[in-house]
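Residue-level listing of the chains:
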Amino acid sequence: MTAEANVSDDNLASAVKAMEELVDEAVQVYELEKEKSNVTDDLYNSLKIITSYLGFSIDLDPHILNLPENSRATLTPVLDIIIIKPDYKSEQKRFDQLTLDEASGVLQYAIPRVISLARSDRITKNKKLSFLRESTKALKRLPGTNAEEMIVGNESLHLERAGS
């Protein structure tokens, strides 16, 4: 075998090895894309349950979605993102249609705000519920505020009036 044949065989062997590496990399990228899709779907479905229940919309920083400065973006409770561009045209995207960078940016920006709004809502509801509990307790201390006594009392009033 000549030196030229050995070099040619070495080049062929390295080309075949490179092709095998390319196939391995392509398979791994494909698997990651599949996993990304599954993870994104799971995240989207789980998060949508929570955000739909809470009902908050969050204004997003337009830079998160690589939008021009004068754009507006709002994350709705059903995880749609409504984008209003500087020319006032609008478009709508679902959260699960975002790139990984955009989705990460939206989560990092929106989640702390949703937590803050939920906390405020919880505190307000707790105060109102406490007020109702205290009001109910105060009314129960009055004589004759038992529901059964009030019904019996009302019926006897009607009977007395009917007999008059």
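Our subject is the structure listed above.
These notes cover the structure that comes with them. Per chain, residues are indexed from 1 in the order of the written sequence. Since the coordinates come from a predicted model, pLDDT governs what is reported: local features require at least 70, and pairs of side-chain atoms require 80 or more to be given and counted, while whole-chain, interface and lining totals use all residues. Calculation of side-chain values draws on the structure's entire complement of heavy atoms; hydrogens and water are dropped beforehand.

Observations concerning the nonpolar core
Selection rule: By convention a nonpolar core is built from buried Ala, Val, Leu, Ile, Met, Phe, Trp, Tyr and Cys residues, the set being connected through side-chain atoms within 4.5 Å. Only protein chains enter the accessibility calculation, which uses a 1.4 Å probe; a residue whose area is less than 20% of its type maximum is buried, one above 50% is exposed, and one in between is partly exposed. The helix and strand labels rest on DSSP assignments: H or I over at least four residues marks a helix, E over at least two residues marks a strand, and numbering proceeds from the N terminus. We call two residues contacting when some pair of their heavy atoms lies within 4.5 Å.
Membership of the largest hydrophobic core comes to 18 residues, with the highest contact counts inside it found for Leu-60, Leu-65, Leu-75, Ile-81 and Val-106. Of all the elements in the fold, those that place two or more residues in this core are α1 (3–54), β1 (58–60), β2 (72–75), β3 (80–84) and α2 (100–140). In terms of residue count, the dominant contributor to this core is α2 (4 residues). With residues up to four places along the chain from it excluded, the contact list for Ile-81 reads Leu-60, Leu-65, Ala-73, Thr-74, Leu-75, Glu-91, Gln-92, Lys-93, Leu-98 and Val-106.

Points about a nonpolar patch on the surface
What counts, and what does not: The patches reported here contain residues having more than 30% relative accessible area and no salt bridge. Joining distances are 9 Å for like charges and 5 Å for nonpolar side chains (Val, Leu, Ile, Met, Phe, Trp, Tyr). Accessible surface area values rest on a Shrake-Rupley calculation with a 1.4 Å probe, where residue burial reflects the displayed protein chains alone. Throughout this description, the term salt bridge denotes a Lys or Arg side-chain nitrogen within 4 Å of a carboxyl oxygen of Asp or Glu.
A cluster of nonpolar residues, Leu-129, Phe-131 and Leu-132, forms a patch on the protein surface that exposes about 320 Å² of accessible area. Looking at the secondary structure, you find Leu-132 in helix α2.

Quick notes on the packing of aromatic side chains
So the rule is basically this: Two rings from Phe, Tyr or Trp (for Trp, the six-membered ring) form a pair when their centres sit within 6.5 Å of each other. Planes less than 30 degrees apart are called stacked, planes more than 60 degrees apart edge-to-face, and all others tilted. Charge-over-ring placement is defined geometrically: NZ (Lys) or CZ (Arg) within 6 Å of the ring centre, and within 35 degrees of the ring normal.
The tally for this structure, following the rule as stated, stands at 0 aromatic pairs. Between Arg-113 and the ring centre of Tyr-109, over which it is positioned, the NZ or CZ distance is 3.7 Å.

A word on the side chain of Thr-51
The line we're drawing: Pairs of N or O atoms are called polar contacts if they sit within 3.5 Å, as long as, within protein, a hydrogen donor faces a hydrogen acceptor (for residues adjacent in sequence, only side-chain-to-side-chain pairs).
Structurally, Thr-51 is set in helix α1. With relative accessibility at 10%, the residue Thr-51 sits in the buried group. In terms of polar contacts, Thr-51 uses its side chain to reach the backbone carbonyl oxygen of Pro-77, at 2.6 Å. Residues contacting Thr-51, with those up to four places away along its chain left out, are Phe-56, Pro-77 and Leu-79.

With respect to the pattern of salt bridges
Counted under the stated rule, the structure contains 5 salt bridges. In this structure, the salt-bridge partner of Asp-121 is Lys-125, at a minimum N-O distance of 3.3 Å. Of the two residues, Asp-121 and Lys-125 are both situated in helix α2; the distance of 4 residues between them amounts to about one turn of the helix. A salt bridge links Glu-134 to Lys-137; its shortest N-O distance comes to 3.7 Å. Here Glu-134 pairs with Lys-137, and both are found in helix α2, just 3 residues apart, close to one helical turn.

A word on the environment of Ile-58
Mapped onto the elements of the fold, Ile-58 is located in strand β1. Sequence separation between Ile-58 and Ile-81 is 23 residues, and the spatial gap between their C-alpha atoms is 9.4 Å. Once you skip the residues sitting within four places of it in the chain, Ile-58 turns out to touch Ala-73, Thr-74, Leu-75, Ala-110, Arg-113, Val-114 and Leu-117.

Some points on the sheet that holds β2
The strands that make up a sheet are held in pairs by hydrogen bonds between backbone atoms, and each pair lies either parallel or antiparallel. In plain terms, the rule: Here, strands pair whenever DSSP counts at least two bridges between them. Whenever a helix is involved, its axis is fitted only over the stretch in contact; in every case the axis is a line through C-alpha atoms, and angles between N-to-C directions fall within 0 to 180 degrees.
Taken in spatial order, the 4 strands of this open sheet run β1-β2-β3-β4, and their pairing is antiparallel. The open sheet is flanked by β1 and β4 (90–94), the only strands paired with a single partner. Sheet twist, expressed as the mean angle between neighbouring strand axes with direction ignored, is 25 degrees. With 3 bridges joining them, β1 and β2 adopt antiparallel strand pairing. Across the sheet, the residue bridging to Ile-58 is Leu-75, located in β2. Its contacts with the sheet place α2 against β1, β2, β3 and β4, and it is angled at close to 145 degrees to β1.

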